[in-house]
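# Descriptive analysis of the structure
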Amino acid sequence: MTVVGAPIDRVDGKAKTTGAARFAAEYALPGLAHAALVYANIARGRITALDTTAARAVPGVLAVLTHQNSPTVKPAPKVSMLNLSTLVSGTQVNYLQTDEVHFDGQPIAVVVAETSASAKEAASLIRTEYAAMESTVDFAAAEPDAKVQPNNPLMRGEEKKGDAEKALSEADVTVDLRFTTPPHAHNALEPHSTTAVWEGDHLTVYDATQSIDWVRSHLAVRFAVPTGNVRVLAPFVGGGFGGKGSVWAGTLLAALAARATGRPVRLMLTREGVYRTVGGRTASTQRVALGADRDGKLRALIHASVARTGRVGGMPEQITSQSRHLYDAEHILVRQSLVELDLLPNTFMRAPGESIGTFAVEAAIDELAAELGMDPIALRMRNEPAVNPMDGKKFAHRMLREAYTLGAEKFGWHERTPEPGSMRDGRWLVGMGVASAYHPANRFAANVTVRLSADGTVLVRCGFQEMGMGGATAQAQIAADALGVPFEAVRVEYGDSELPMSPGAGGSMQTASIANSLLEACEKVKHSVQALAKRTGGEGYEDILRRANVPHIEAAVGSDTRFGRIAGQARFMTNFLLEQRRWVKAAAGVQFCEVRVDRDTGEIRVSRWLGVFDIGTVINHKMASSQLRGGIVMGLGMALSEETLIDPRTGRIMNPSLAEYHVPVHADIPPIDVSFLDDPDPTMPLGLLGAGELGITGVAAAVANAIHHATGNRVRELPITLDKVL
Amino acid sequence: MAEITLRINGSAETLDVQPQVSLLDALREHLGLTGTKKGCDQGACGACTVLADGERINSCLALAMQYEGREITTIEGLDHPLQEAFVRADGLQCGYCTSGQICSAVGMLAEHKEGAPSAATEDLEAAEEELSDEEIRERMSGNLCRCGAYNGIVSAIKEVA
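Residues numbered from 1 in each chain as written. Chains lettered and ligands numbered in written order. Predicted model: local features only at pLDDT ≥ 70, side-chain atom pairs only at ≥ 80, totals over all residues.

### Notes on the overall build of chain A
To keep things clear, this is the line we draw: Helix and strand assignments come from DSSP, with helices taken as H or I runs of at least 4 residues and strands as E runs of at least 2, each series counted from the N terminus. Only C-alpha atoms enter the radius of gyration; for comparison, a globular chain is expected to reach 2.2 Å times N to the power 0.38, where N is the number of residues. Note on burial: count the other C-beta atoms lying within 10 Å of the residue's C-beta; 20 or more is buried, 12 or fewer is exposed, in between is partly exposed, and C-beta positions come from the backbone.
When its secondary structure is counted, chain A shows 18 helices and 27 strands. Relative to the 2.2 N^0.38 estimate, which gives 27 Å for 726 residues, the radius of gyration of chain A is 26 Å and therefore close to what a compact globule would have. Based on the C-alpha atoms only, the size of chain A along its principal axes is roughly 80 × 75 × 50 Å. The buried share among the 726 residues of chain A stands at 60%.

Here it is in structure tokens:
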């Protein structure tokens, strides 16, 4: 039986095409009240006056909460590697518990009203005065003060092999380049939303989150109730891309507003509110310097990045991650540096690090190829490593050569004439570009139960959320094959913290993490059935269970007790560190791009796209293709149009809307041809590697390289808008 | 507050709303029709697209009071081959833009049938040109999909057109 791999329609397709799928702001609870936020509009300082008189006078207003009258909320817990849920706090600011302002956009008041219209109106009437303090908000100005990122268990801030600077100075051919990338915003189409209801000391939240379990732990700490008193439901989440991976102000303040008013409260952020209170991708500057022999053999590879975090939170981006694995250079230096700014903390956004890191290193390789007069694919193949370049560790799976061979053939790379500006179609300058895609692969701990019933049906239970990746479909496919039952016989329950604990969606890890436990649980079920069959006989599950008079057999992997969770996490960390010592694991691929640039206006159109990807075993070809395409689409936005504009004087986001932050639209996206090598990774469950983030990596570089080929212009600052091409 | 009567998906619904309430909020918050989505509340994303007398509109930019007497169709009231085509072509991932994409596509197909041109139309005189991919993409560009399901959406629309 081979359901795994089949392009099965997603099981929730009907719910989503009929309007039946309910998202976090769509639960109509009796007595529901609505909340709206008020944001600080200075970067740093103290609130000296907050006048809520007019707001409280709006008919239907139930409460106006500020630091002057809010119920107490405990501060966010300190980050500890022994309890990974401590990583989930978007910021360290204890909202409404202080008169301090730490970033422009920090929520300083919550209005709760009978209708959302009243809440919105009242929020607009609150007047605030501040005593501003000096702030540092200009990334470009702060960049010279950047400090090397401290090491963490996942990655070292600086790594070197040999003496790359010396090798660079002695190399025959070199490039030494500076790239910049702007801040980006996830812009999941569903704004962050929470519906919260307290019953005594029990809190239920319907939350737009990628991290059901961590939200639960976090809220329990903040409201000083046992974890078991908090229930988080997130069956459907309207996109996240990392933006819903942490707990941001909205979730917390909805729960606070519900507690303060004794009413169920719904808080749906406005689009502006998402920009003001939910972090995005950091800006970066990157230096990539490459030195090679005349035949293209790399002697030196240097990749040094500067990014930012917030003074009150944020995560260091792994911008040089891929540069530790992609090329067999004799001498390598990678270094990630950081500045801390008085801005809303940054956060992970689809392939944090690799998305913008691949832009710089893969554009630099293209520039080196031009300097050498070599084909950019030939240069990459000349330097394709047999083992991890930095330390000689084995690759668990490495199929970049195969990806390039297949991709070049399918794309028609041989038709490309190397000279920039040499390919034309009427008024259009045509260019072809290529770049590698790369994203590390890992697993988290996941708890799963599987129940096989006497009627032959199977129930898989795991508390993950459905955010578009098709988890319920993919896991049902895996369970169907593992147990040898039809796909239709399997049902997956998800989206609820009452279910066995699932890891959140992050690092492209969720599918593999759950699959690992699911396969184990299915094995246990099969063993139990075999044991029964030995006793009472019978053939096939239904017959065996019926003869044994057993209504169902259930197996669990992982324990949801407190001790079980700690043990699971310890097992995960040990396994993770052991595996890291043995293998370098990654999904990888190649992106081919054809652009057309108008010779007079500089208008850039992407006319063709082809990607070949190695994500190990493909569980569902249809959904995996969609996910990779989605990454490419977001990459095209990054390449050509996306940029969060932050006022360097005030630290205020200037384009907090979908009208002024330009994500790709239908007309921007050509047909995207996606292929998979479909070869199992021997170290991963079923051989699968995550697919969520790989697609965006390499995209901006392929576009930049194609634009250079079309026009002869090298644009090293994203986004590549037409003014930079003219 | 004022009492208004809206015709939604074929039935009359009476509700009390404040004058500033949008058609979108009337649907979602007053009538519990949450299939219509709020993505930006500013007319920039298209997630709130519904049909008013068969024409696609952004319901976030429409005041509920001004739509008395109009026939409003939301995703809940739609029974159209596009819905299954979207699933087959995987023209969705998270599903949040999907209602708007489908309502918009239904309206768009009707516009095209009536000979309305788009910025991608080469020959304005030629009647009822077949809907090319380029035409579909141009005409659907008011509906954002951040998951990037655009290719699947175009395939689904082509299948039904």
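Next, the rest of the story.
### Side note on the overall build of chain B
Within chain B, the regular secondary structure consists of five helices and five strands. The C-alpha atoms of chain B give 16 Å as radius of gyration, which agrees with the globular expectation for 161 residues (15 Å, within 12%). When the backbone C-alpha atoms are referred to their principal axes, chain B occupies close to 50 × 35 × 25 Å. The burial tally for chain B puts 56% of its 161 residues in the buried class.

### Examining the interface of chain B and chain A
Put simply, an interface is often sized by how much accessible area is lost when its parts join up. For clarity, the threshold we go by: Residues are defined as contacting one another if the C-beta atoms placed from their backbone atoms lie within 7 Å.
The partner chain A presents 47 residues to the 45 residues of chain B that form the contact. For the side of chain B that touches chain A, the secondary-structure elements that each account for two or more residues are helix H1 (23–30), helix H2 (81–88), helix H3 (98–113), helix H4 (133–139) and helix H5 (150–160) of chain B. Per element, the largest residue contribution to the side of chain B that touches chain A is four residues, and it comes from H2 of chain B.

### Points about the sheet that holds strand S19 (residues 428–440) of chain A
Residue and element names in this part refer to chain A. Stated formally: A strand pair is defined by DSSP finding two or more bridges across the two strands. Here, axes are lines fitted to C-alpha atoms. For helices the fit covers the stretch in contact, and angles between N-to-C directions go from 0 to 180 degrees.
On the basis of which strands lie adjacent, the open sheet formed by five strands has the order S18-S19-S25-S26-S27 and mixed pairing. Only two strands of the sheet have a single neighbouring strand rather than two, namely strand S18 (423–425) and strand S27 (672–676). Neighbouring strand axes in the sheet, compared pairwise and without regard to direction, differ in orientation by 25° on average. As defined by bridge partners, S18 adjoins S19 across three bridges and the pair is classed as antiparallel. Residue Arg424 lies in a different strand from S19, and its bridge partner there is Leu429. Across the face of the sheet, helix H11 (residues 400–411) comes into contact with S19, strand S25 (586–598), strand S26 (604–614) and S27 while running at roughly 30° to S25.

### As for the nonpolar core
Put simply, the rule is: As used throughout, a nonpolar core is a set of buried Ala, Val, Leu, Ile, Met, Phe, Trp, Tyr and Cys residues joined through C-beta atoms within 7 Å of each other.
Among the nonpolar cores identified, the biggest contains 289 residues, and Val111, Ala257, Ala479 and Val703 of chain A are the most heavily contacted of them. Not counting residues within four places of it along the chain, the set of residues in contact with Val111 of chain A comprises Ala35, Ala36, Ala55, Val61, Val64, Ala119, Ala122 and Ala123 of chain A.

### Observations concerning the confidence of the model for chain B
Threshold: A score from 0 to 100, pLDDT tells how confident the predictor is in each residue.
Scored by pLDDT, chain B has a mean of 95; 99% of the residues are at 70 or more. The complex model carries a pTM of 0.98, and its ipTM stands at 0.98.

### Comments concerning the pairing of strand S13 (residues 265–268) of chain A
Residues and elements named next belong to chain A. Residues Val265 and Leu267 point to one face of S13 and Arg266 and Met268 to the other, with burial holding for every one of them. Where strand S10 (residues 193–199) and S13 come together, four bridges link them in antiparallel fashion. Opposite Ser193, over in S13, you have Met268 as the bridge partner.

### Some remarks on unusual backbone geometry
All names here are of chain A. Here the amide bond leading from Leu718 into Pro719 is cis, since omega sits at -10°, within 30 degrees of zero. The backbone of Ala351 shows a phi angle near 50°, a positive value even though the residue is not glycine. Mapped onto the fold, Ala351 is located in the loop between strand S16 (331–341) and helix H9 (354–372). Look at Asp678: it is not a glycine, yet its phi comes out positive at around 55°.

### Things to note about helix H7 (residues 249–261) of chain A
Each α-helix turn comprises 3.6 residues. Residues three or four places apart therefore point the same way. Residue and element names in this part refer to chain A. Our working definition: Given the number of residues in a helix, its expected span is that number minus one, multiplied by 1.5 Å.
Here H7 contains 13 residues, and its C-alpha end-to-end distance of 18 Å stays within 8% of the 18 Å for a straight helix at 1.5 Å per residue. Of all 13 residues in H7, twelve are buried; the element is thus mostly enclosed. Within H7 the residues assigned to the buried category are Ala249, Gly250, Thr251, Leu252, Leu253, Ala254, Ala255, Leu256, Ala257, Ala258, Arg259 and Ala260. Residue Gly262 follows H7 closely and has a positive phi angle near 70°.

### A few points about the packing of H2 of chain B against H3 of chain B
To describe two helices that pack against each other, one gives the angle between their axes and the distance between the axes. Residue and element names in this part refer to chain B. How we decide: For classification purposes, an angle smaller than 35 degrees is called roughly parallel, one larger than 145 roughly antiparallel, one from 65 to 115 roughly perpendicular, and anything else oblique. When the near helix sits turned anticlockwise from the far one by under a right angle, the crossing is termed left-handed; a clockwise turn instead gives a right-handed crossing. Under the grouping applied here, Gly and all other residues not named as nonpolar or charged are polar, the nonpolar ones being Ala, Val, Leu, Ile, Met, Phe, Trp, Tyr, Cys and Pro and the charged ones Asp, Glu, Lys and Arg.
At a minimum axis distance of 10 Å, the contact between H2 and H3 shows a crossing angle of 130°. Compared by their axis directions, H2 and H3 come out oblique. For the crossing formed where H2 meets H3, the hand is right-handed. Taken together, the residues of H3 that come into contact with H2 (itself represented by Leu82, Gln83 and Phe86) are Thr98, Ile102, Ala105 and Val106. Residues of the contact of H2 with H3, tallied by class, amount to five nonpolar, two polar and no charged.

### Some points on the environment of Asn187 of chain A
You can see Asn187 of chain A is positioned in the loop between strand S9 (173–181) and S10. Beyond its immediate chain neighbours, meaning those up to four positions away, Asn187 of chain A contacts Leu658, Tyr661 and Val663 of chain A together with Arg146 of chain B.

### Side note on the pairing of strand S20 (residues 448–453) of chain A
Looking along a regular strand, one sees the side chains alternate between the two faces of the sheet. All names here are of chain A. As paired strands, S20 and strand S23 (residues 552–557) are joined by six bridges and run antiparallel to one another. Among the inter-strand pairings, Ser453 is bridged to a residue of S23, identified as His552. Pairing geometry for S20 and strand S21 (residues 458–461), over four bridges, is antiparallel. Residue pairing in the sheet places Arg451 in a bridge with Leu459 of S21. The loop that links S20 with its antiparallel partner S21 comprises four residues; one of these, Gly456, has a positive phi angle of about 90°.

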